[in-house]
Structures are given as C-alpha cells and as structure tokens.
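# Tertiary structure, described
Each chain, letter by letter, is given below.
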Amino acid sequence: MLWRFRREVIFIVCIAISVVIVRHHYVRKVDGIENIRKEESQIINYEELIAENIRLKEILDIKKDISSLKKTVIGQVVSIKPYVFPVEIVINKGREDGIKENMTVLSKDMFLIGRVVSVDRDSASVMTIFNKKSKISVVIGSTRDIGILEGGNIPFLFVRYIPYDSYVQIGDNVLTSGYSDFYPKGIKVGEITKIERSSDTLFLKIYVKPFSCISDIEEVVIGE
Amino acid sequence: MNRKFILLGEQFLVITGLQIVALNYLKSAVVPSFFLIWLLILVWEENIEISLFMAFLTGIIYDVSSKGIYGITSIIFLIIVYINCFLKVQDSTGRIAGIFIFSIMYFLMTLFKYPEGFLWNTRTIIRYSLLFAFYNSVAGFFIDTGMRRLRSKWKMRRQYLLI
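The text that follows walks through the structure, step by step, so that each part is easy to find. Just so it is clear, the structure is predicted and the values come from calculations on it, not from any experiment.

## Topic: the pattern of salt bridges
- Across all of its chains, the model carries 9 salt bridges over all chains by this definition.
- Put simply, Glu-196 of chain A and Lys-194 of chain A hold a salt bridge, and the shortest N to O gap is 3.6 Å.
- The shortest N-O distance in the salt bridge between Arg-95 of chain B and Glu-45 of chain B comes to 3.3 Å. Taken as a pair, Arg-95 of chain B in helix H5 (residues 92–110) and Glu-45 of chain B in the loop between helix H2 (34–44) and helix H3 (48–65) lie far apart in primary sequence, 50 residues in all.
- Note on Arg-95 of chain B: relative accessible area 3%, which makes it buried.

## Focus on the sheet that holds strand E8 (residues 157–163) of chain A
Residues and elements named next belong to chain A.
- Spatial strand order, E6-E7-E8-E11-E10-E9: 6 strands in a closed barrel with antiparallel pairing. For this sheet, the mean angle separating the axes of adjacent strands, direction not counted, is 40°.
- In this sheet, strand E11 (residues 203–210) lies alongside strand E10 (residues 188–196) in antiparallel orientation, the contact comprising 6 bridges. Bridge assignment links Glu-191 to a residue of E11, and that residue is Lys-209.

## Digging into the interface of chain B and chain A
- Facing the 36 residues of chain B at the interface are 36 residues of chain A.
- Interface of chain B and chain A: buried area, both sides summed, is about 3,300 Å²; carbon and sulfur atoms make up 64% of it.
- The largest contributions to the chain B side of the interface with chain A come from Lys-67, Ile-69 and Trp-120 of chain B, which together make up 21% of the buried area.
- In this structure, the connection of chain B to chain A is made through 1 salt bridge.
- Put simply, the parts of the chain that give the side of chain B that touches chain A at least two residues each are helix H1 (2–25), H3, helix H4 (72–84), strand E1 (112–113) and helix H6 (122–162) of chain B.

## Observations regarding the packing of aromatic side chains
Residues and elements named next belong to chain A.
- One pass over the structure, following the stated rule, counts 13 aromatic pairs over all chains.
- A centroid spacing of 6.4 Å and a plane angle of 85° characterise the contact between Phe-156 and Tyr-207, whose relative ring orientation is edge-to-face. With Phe-156 in the loop between strand E7 (146–150) and E8 and Tyr-207 in strand E11, the pair connects residues that are 51 residues apart, well separated along the chain.
- Residue Phe-156 is classed as partly exposed on the basis of its relative accessible area, which comes to 31%.
- Residue classification places Tyr-207 among the buried residues on the basis of a relative accessible area of 13%.
- Note that Arg-115 overlies the ring of Phe-182, its terminal NZ or CZ placed 3.9 Å from the centroid.
- Above the face of the Phe-158 ring, Lys-205 is positioned so that its terminal group lies 4.6 Å from the ring centre.

## Remarks on the pairing of E11 of chain A
- Of the pairings in the sheet, the one linking E8 of chain A to E11 of chain A comprises 5 bridges and is antiparallel in character. Each residue of the ladder has a partner; that of Pro-163 of chain A, found in E11 of chain A, is Phe-203 of chain A.

## Description of the packing of H2 of chain B against H5 of chain B
Residue and element names in this part refer to chain B.
- Orientation of H2 relative to H5, taken along the N-to-C sense of each, is 130°, at an axis distance of 10 Å. As far as their axial angle goes, H5 and H2 are oblique. Judged by the twist between their axes, the crossing of H2 over H5 is right-handed. In contact with Leu-36, Ile-37, Leu-40, Ile-41 and Trp-44 of H2, H5 contributes Arg-95, Gly-98, Ile-99, Phe-102, Ser-103 and Tyr-106.
- Its residues placed into classes, the contact of H2 with H5 shows 8 nonpolar, 2 polar and 1 charged.

The rules behind each value
- Residues numbered from 1 in each chain as written.
- Chains lettered and ligands numbered in written order.
- Predicted model: local features only at pLDDT ≥ 70, side-chain atom pairs only at ≥ 80, totals over all residues.
- Heavy atoms only, no water.
- Salt bridge = Lys/Arg side-chain N within 4 Å of Asp/Glu carboxyl O.
- Helix = DSSP H or I, 4+ residues; strand = E, 2+ residues; numbered from the N terminus.
- Buried < 20%, exposed > 50% of the residue type's maximum accessible area, 1.4 Å probe, protein only.
- Pairing = 2+ DSSP bridges.
- Axes fitted to C-alpha atoms, helices over the stretch in contact; angles between N-to-C directions.
- Contact = heavy atoms within 4.5 Å.
- Buried area = accessible area lost by both parts, 1.4 Å probe.
- Phe/Tyr/Trp six-rings, centres within 6.5 Å; stacked < 30°, edge-to-face > 60°.
- Lys NZ or Arg CZ within 6 Å of the ring centre and 35° of its normal.
- Parallel < 35°, antiparallel > 145°, perpendicular 65-115°, else oblique.
- Left-handed = near helix turned anticlockwise from the far one by under 90°.
- Nonpolar A, V, L, I, M, F, W, Y, C, P; charged D, E, K, R; others polar.

Take a look at the structure:
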C-alpha cells in the first residue's frame, strides 16, 4: 500500500522537512548557537577574518563623515531574496541590538540600501530600494529638484515628478531629500544614467543606477 | 542499479559545479538554474523517486550557495518535480518547451511573498522571467544533449565489458 504511493510519501516527507528548515531558518533567523558556530568557523578562516576586519575598519572610517545619522549599528547580511537585485534582506541585528522599524540601512560605503521593515529579537528584515513598495523622496545633487525614487524596476530605478524644464544631466548624483520620515538627508542613492523627455507629460522620466550593488554586500550600517 | 547511481552521481557533481560557478562568477542579472533543468530532465526520464530526493537536496545546496532562506528552493523544486511526475516528455523540442514553461513558473514562485504578492513590477517580472526561461532553455538543450551522449557512452562501455 505504502509502496504504491511512494512518490506521494517522499514528496510529503521532503516538503515537511523543507518547511521545518524554512521555519527554523526564517523565524529564528539568527540563533545564538548559530552565531557561536559561525564565529568559531570564522576564527579558523584567518583570511576571511582579516578581510572582514578591513571592511569593518573602512565602515568606521566612513561613519565619521556621516553626521545625519545619530546612532549606528553594524550588521551582517544573513539572507538575500531574490539573489539578484534583492527586494528583501535579513540582517543579524535585532531588537536586542537597538534596531527599530524604519531605521535606514546603508552599505559599507554609506550608500542607501533600504530601511528596516520588521524586527525580531536578534534579526531584522530590510526592504531594499529595489522593492516595488519602496518610494523615497530624493533630491538631484546639481539642481536640487525634488522627486520620488521608485523601486520595482531593475537594473535601474526611476525618479519621477522632476519638472520637464529641469536642468538635470546624466551623471548627476541622487540623494535622499530628508523630507521622508524614514531617511535622513544627504544619503547617496545613485547616479542618473538616462533621461527621457516626452512632450505629452509635465515630468521627466529619469533612470538611476544605484550605487549599492546589493547582491554582494556582507556588512551593512543601520542608523537613524 | 549501481551503474545508474554512478551515472547520477557524475551528473550531480557536474551540475552542482556548474551551478556554484554560475552563482558566484556569472555577472548577469539572471543566473540560469542548472539544478532545475537537471531535475526536469531527470523526472522526464522516469527517475521519479530519485528526482524528488534530489529536488530536496539541490534546493538546500542552492539556498546555501545563494544566501537564500534555507528550504525555500527545495519546496519550489519539489512542487515542480511532483507536477512533472505526471508528464512524460521524451523529445528534445518538448523538453526545451517544458524547461521554458517551468522556468517561468519557478521564477514567479521565487518572487512571490505572501501576503504582499510579487515583489517586482509586472513588466520587470515578465521581462526577467522570459530572460531566465530563455537562458534555462539554452542551457537545457546542452545538458539534455550531454546527458544523451553520456548515456550512449555508458551503453558502449557496457557492451565492451560484456564482450
């Protein structure tokens, strides 16, 4: 009888195991024990440890220049979804480390990655600028025009509501305006790569290449 | 029986190597899923129980190497393999079409999050799912041809041993 339904049995067993693994990894994303194991394995790998040390030193050096952030915490990326142009990342810092919802998340070079959307005891989920729900008030560096940076399009993001007669140029930097409740003023987001002018609309369509290449990040700076 | 397992082991190692190299070194917006292609071919060749196990195993390997949430890809692979248990696709054209369709399905499943829905815009999803499916179909063509050649080599080796 069981042999007859063997494929169904294997399917259900494998699904059940997978669900258990997902729950274990997602709900208790970063377990204390997992951290200890991770640290132990990292200690053995000296090269990795040295590289991490250099990266963290770089972050500390750059942090001195960022005055808009009152409080900062350095976290590590635990998981990325999806693998390319991620819309959601999970970091290993949570409520216990002082992380709160809507805190800004930056790359080690202090470029905008996104903001914290949910916090657990020892981990937090971050909505990145690639998420279609991400709408950020930004300012064009050279002209000081204010627009809305929209996610959901890859590999470029769009800035909308920049007036048709604006003097924006390709290569101009896009920064956070500070008008949003979530993002402090002056954080670099990306650079303008293309400008589309259409006579039937009042606004320009601006393509922005984000500075933070999220797929290969390991450490992030969380601040408010 | 042993011969079959050796053949599968060889294939598994090659596909795992290809997938890890692609994930780490391919500088492309979308990376083909060699695991998915292999699993589809495996299940179409009626290795149903093995392909279900492999769906679980390769899913975990994929999540570990792509920094995903462990187990998510396993669930997606298992669902796709289970659906394909009931399909018999033998000819190359049908297989490439199958890989194309199920690649789109896989891509959509990876981008879905309950209760928020899809995490990219519709146009972007369509564009990149088609690109992903195209890459997979091209890779699928080569993998299918390679596997057929490998099998014929094994046949020759067996005949030689019998002589």
